[in-house]
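Tertiary structure, described
Here is what each chain is made of, one letter per residue.
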Amino acid sequence: FSLGCLLHFCLTGGGHPFGERYERDANVLKGRTNLKAIKHLPEAADLVSRLIAADPAARPSTSEVLLHPFWWSREKRLLFLNDVSDRVELEDREVGGHMMLAELERGALEHALGGGEWVPQLHAGLLENLGRYRRYKGDELRDLLRVIRNKMNHFRELPPKVQEEVGAPPDGFYTYFASRFPGLLLHSYRFAYRNCAHESQFRKYFFPEGAEGVGG
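Predicted, not measured: the structure shown is a model, and the values here were computed from it.

Within this structure, the stated rule accounts for 12 salt bridges. A salt bridge links R149 to E89, with the shortest nitrogen-to-oxygen separation between them at 3.2 Å. With R149 in helix α9 (residues 141–153) and E89 in the loop between α5 (74–88) and α6 (97–105), this residue pair connects regions lying 60 residues apart in the sequence. Residue E140 pairs with K137 through a salt bridge whose shortest N-O separation is 3.8 Å. Owing to a relative accessible area of 21%, E140 belongs among the partly exposed residues under this scheme.

Given below as structure tokens:
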């Protein structure tokens, strides 16, 4: 709990997640938080909200805090999105795969894509380049993840103007997509946590090094 308050204090330059001093005690008792000051930092807001949960049992453990995506570098965030994309790429061809895809897409339009199709959020030059190779569905998260993965892997093949607009991997490239889809990482993280955290390619994101983890 104290760590959540301290983290909020550091991120906001002195702000408290339970408001001003005169109302703070009452808000703590009522579980009434105010995280508007860090709303623009979705991963930070998620971590702080979990740390200051009214129910102590709902707060993350030390290892869960340290593994939270708030602390990840842009490179690790980008690699994680690519791993999620790889994981769901061919699920519609697998037995039961449609259930996995349904889990990925559940709530994605609102939470990951910002309430609408992802296509209008991208530069025209990038969209033109995408259209040369395959068709994408603008209302599906799987296809946006596919775009991120494919264009990162083939970044040097993009026209120079598109490279400049998007930014080079990992930092500029990740920031380009994260700034347009602020909820993308957290939605993908929660999906992976629920569905494939125990799988070998995802264990490093969810379990301390050397831990057996779920299903170990």
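Now that the structure has been shown, the text picks up again.
Right, let's talk about the packing of aromatic side chains for a bit. As enumerated under the stated definition, the model contains 16 aromatic pairs in all. For the pair W72 and Y189, a centre-to-centre distance of 5.8 Å together with 70° between the ring planes defines the contact as edge-to-face. Residue W72 is located in the loop between α4 (62–67) and α5, and its partner Y189 is located in helix α12 (residues 184–195); the two are separated by 117 residues in the primary sequence. Comparing W72 with Y189 shows no difference in burial state: the two are buried. On the numbers, 6.3 Å between centres and 85° between planes, the contact of F155 with F173 is edge-to-face. One end of the pair, F155, is in the loop between α9 and α10 (160–166); the other, F173, is in helix α11 (residues 171–180), and 18 residues separate them in sequence. Classification of F155 by relative accessible area gives buried; the value is 11%. A connected cluster of aromatic rings, assembled from ring pairs, spans W72, F80, Y189, Y193, F202, Y205 and F206. Lying across the ring of Y136, R134 places its NZ or CZ 5.6 Å from the centre.

Turning to a nonpolar patch on the surface, a few remarks are in order. A cluster of nonpolar side chains, contributed by L3, L6 and F9, occupies part of the molecular surface with about 290 Å² of accessible area. Note on placement: L3 falls in helix α1 (residues 2–12).

With that out of the way, let us pick up the packing of helix α3 (residues 42–51) against α12. Relative orientation of the contacting elements α3 and α12 amounts to 50°, with a least axis distance of 8 Å. As summarised for this structure, α3 and α12 are arranged oblique, according to the angle between their axes. Residues P42, E43 and D46 of α3 form the contact with α12, whose participating residues are L185, L186 and R190. Residues that form the contact of α3 with α12 fall into these classes: three nonpolar, no polar and three charged.

The next subject is α1. Of all the residues in α1, the buried ones are G4, C5, L7 and H8. The buried residues of α1 occupy one face: seen down the axis, they fall within an arc of 160°. Of the residues in α1, the exposed ones pointing more than 90 degrees away from the buried face are S2 and C10. Close packing links the buried residues of α1 with α3. Positioned one or two residues after α1, G13 has a phi angle of 70°, which is positive.

Before going further, it helps to examine the environment of R190. Tracing the sequence through the fold places R190 in helix α12. Measuring from C-alpha to C-alpha, the distance between R190 and L104 comes to 9.2 Å, with 86 residues separating the pair along the chain.

Rules and cut-offs
Residues numbered from 1 in each chain as written. Predicted model: local features only at pLDDT ≥ 70, side-chain atom pairs only at ≥ 80, totals over all residues. Heavy atoms only, no water. Salt bridge = Lys/Arg side-chain N within 4 Å of Asp/Glu carboxyl O. Helix = DSSP H or I, 4+ residues; strand = E, 2+ residues; numbered from the N terminus. Buried < 20%, exposed > 50% of the residue type's maximum accessible area, 1.4 Å probe, protein only. Phe/Tyr/Trp six-rings, centres within 6.5 Å; stacked < 30°, edge-to-face > 60°. Lys NZ or Arg CZ within 6 Å of the ring centre and 35° of its normal. Patch = residues over 30% accessible without salt bridge, like charges linked within 9 Å, V, L, I, M, F, W, Y side chains within 5 Å. Areas by Shrake-Rupley, 256 points an atom, 1.4 Å probe, with all protein chains shown as cover. Axes fitted to C-alpha atoms, helices over the stretch in contact; angles between N-to-C directions. Parallel < 35°, antiparallel > 145°, perpendicular 65-115°, else oblique. Contact = heavy atoms within 4.5 Å. Nonpolar A, V, L, I, M, F, W, Y, C, P; charged D, E, K, R; others polar. Arc of directions from axis to C-beta.

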